[in-house]
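Chain by chain, the residues run as shown.
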Amino acid sequence: MLKSIFKTLNPLVLALILSAGVGTAQYVQKSIGSVIIALIAALWLWKVKGKSHWMMIICGGLGFIFFK
């Protein structure tokens, strides 16, 4: 029973995360730096599953460099 509840909640959580991402993207400074950071994050999450803390550290550092 608990397994079916979590299976049902997965699409809802994904929709909430995408909604937050789209809402935030409206206010992000559009530049080549933000595109590079977004591409690195997307590729990282696609290829390196389960190591998102490193992706956040790397993309945070790149954001600091690009938007200092």
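Rules and cut-offs
Residues numbered from 1 in each chain as written. Predicted model: local features only at pLDDT ≥ 70, side-chain atom pairs only at ≥ 80, totals over all residues. Heavy atoms only, no water. Patch = residues over 30% accessible without salt bridge, like charges linked within 9 Å, V, L, I, M, F, W, Y side chains within 5 Å. Areas by Shrake-Rupley, 256 points an atom, 1.4 Å probe, with all protein chains shown as cover. Salt bridge = Lys/Arg side-chain N within 4 Å of Asp/Glu carboxyl O. Helix = DSSP H or I, 4+ residues; strand = E, 2+ residues; numbered from the N terminus. Axes fitted to C-alpha atoms, helices over the stretch in contact; angles between N-to-C directions. Parallel < 35°, antiparallel > 145°, perpendicular 65-115°, else oblique. Contact = heavy atoms within 4.5 Å. Nonpolar A, V, L, I, M, F, W, Y, C, P; charged D, E, K, R; others polar. Expected span 1.5 Å × (residues − 1). Buried < 20%, exposed > 50% of the residue type's maximum accessible area, 1.4 Å probe, protein only. Arc of directions from axis to C-beta. Phe/Tyr/Trp six-rings, centres within 6.5 Å; stacked < 30°, edge-to-face > 60°. Lys NZ or Arg CZ within 6 Å of the ring centre and 35° of its normal.

A. Representation of a nonpolar patch on the surface within the structure. Side chains of Ile32, Val35, Ile36, Leu39, Ile40, Trp54, Ile57, Ile58, Phe64, Ile65, Phe66 and Phe67 sit close together on the surface and give an oily, nonpolar patch of about 1200 Å² of accessible area. Elements represented by at least two residues in the nonpolar patch include exactly helix H2 (32–47) and helix H3 (52–66). Considering every element that reaches the nonpolar patch, the biggest residue donor is H3, with 6 residues. Tracing the sequence through the fold places Ile57 in helix H3.

B. Expanded view of the packing of H2 against H3. Contact geometry for H2 and H3: axes closest at 10 Å, N-to-C directions at 170°. Put simply, H2 runs roughly antiparallel to H3. Mapping the contact onto sequence places Gly33, Ile36, Ile37, Ile40, Ala41, Trp44 and Leu45 in H2 and Ser52, Trp54, Met55, Ile58, Cys59, Leu62, Gly63 and Phe66 in H3. Considered class by class, the residues forming the contact of H2 with H3 number 12 nonpolar, 3 polar and no charged.

C. Local environment of H2. Taking 1.5 Å as the rise per residue, H2 with 16 residues should run 22 Å; its terminal C-alpha atoms sit 22 Å apart, in good agreement. Listing the buried residues of H2 in full gives Gly33, Ser34, Ile37 and Ala41. Buried residues in H2, looked at end-on, bunch into an arc of 100°, giving them a common side. Residues of H2 that are exposed and angled more than 90 degrees away from the buried face: Ile32, Leu43, Trp46 and Lys47. Close packing links the buried residues of H2 with H3.

D. Quick peek at the packing of aromatic side chains. Enumeration according to the criterion identifies 1 aromatic pair in this entry. A cation over an aromatic ring shows up here: Lys47 above the ring of Trp46, its NZ or CZ 4.5 Å from the ring centre.

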